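Structural overview for review
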Amino acid sequence: MSSSIKVIQPSGILDGNQASEFRQEIAEAVQEGSEVIIVDFKNVTFMDSSGLGALVLSLKTVRSAGGKLLICSINDQIKMLFELTDMDRVFEIFNNREELEQKILGS
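First, a word on what this report is: a plain description of the structure on this page. Because the structure is predicted, anything quoted here is derived from the model rather than measured.

1. A look at the overall build of the protein chain
Within the protein chain, the secondary structure is distributed over 4 helices and 6 strands. Each helix and strand of the protein chain, placed in order from N terminus to C terminus, yields the pattern β-β-α-β-β-α-β-α-β-α. The C-alpha atoms of the protein chain give a radius of gyration of 13 Å, which matches the 13 Å a tight globule of 107 residues would have. Structurally, the protein chain occupies a C-alpha span of about 30 × 25 × 25 Å along its principal axes. Buried residues in the protein chain amount to 39% of all 107 residues. Within the protein chain, residue pairs in contact and separated by at least 24 positions form 75% of the contacts whose partners lie at least 6 positions apart. Here the protein chain displays about 6,100 Å² of accessible surface, and carbon together with sulfur accounts for 45% of that area. Of the charged side chains in the protein chain, 10 are positive and 16 negative; the average position of the first set lies 5 Å away from that of the second.

2. Let's talk about unusual backbone geometry
Despite not being glycine, S73 shows a phi value in the positive range, around 60°. Note that S73 resides in the loop between β5 (68–72) and α3 (76–84). A positive phi angle is found at D86, which is not glycine, with a value near 60°. Residue position: D86 is located in the loop between α3 and β6 (92–94).

3. With respect to the side chain of D40
Looking at the secondary structure, you find D40 in strand β3 (residues 36–40). A distance of 3.4 Å separates the side chain of D40 from the side chain of S73, its partner in a polar contact. Not counting the four nearest positions on each side in its chain, D40 is found in contact with I8, Q9, P10, C72, S73 and R97.

4. With respect to the sheet that holds β3
One open sheet accounts for 4 strands, arranged β1-β3-β5-β6; its pairing is parallel. Looking at the sheet topology across the chains shown, the edges are occupied by β1 (5–8) and β6. For this sheet the average axis-to-axis angle between neighbouring strands, irrespective of direction, equals 25°. Direction of pairing for β5 relative to β6: parallel, over a ladder of 3 bridges.

Rules used in this analysis
- Residues numbered from 1 in each chain as written.
- Predicted model: local features only at pLDDT ≥ 70, side-chain atom pairs only at ≥ 80, totals over all residues.
- Heavy atoms only, no water.
- Helix = DSSP H or I, 4+ residues; strand = E, 2+ residues; numbered from the N terminus.
- Rg over C-alpha atoms; globule rule 2.2 N^0.38 Å.
- Buried < 20%, exposed > 50% of the residue type's maximum accessible area, 1.4 Å probe, protein only.
- Contact = heavy atoms within 4.5 Å.
- Areas by Shrake-Rupley, 256 points an atom, 1.4 Å probe, with all protein chains shown as cover.
- Lys, Arg positive; Asp, Glu negative; His and termini not counted.
- Charge placed at Lys NZ, Arg CZ, Asp CG, Glu CD.
- Polar contact = N/O pair within 3.5 Å; in protein donor to acceptor, adjacent residues only side chain to side chain.
- Pairing = 2+ DSSP bridges.
- Axes fitted to C-alpha atoms, helices over the stretch in contact; angles between N-to-C directions.

So this is what it looks like as structure tokens:
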């Protein structure tokens, strides 16, 4: 993978306690010149509205720098949260990392 691609893998519960750390990690990746940020949710068991808010703010940070934020490997609870808030229309979501990498490498 290119150095302009950064993979971030939060784990456990993405809530108010972890949200600022998560946003900071994405902001640092953008400052370091990453053009594509991949958030792999494979190890996240639960996300609440604070986690979703952090994700939305991170998307704005990435887009304002001219980059892309892609998401993969969300579980059913997170998928439901995205669907209920219509965020599944805002974010580019892939079933797993392999599918996402095929899209990036194929384009």
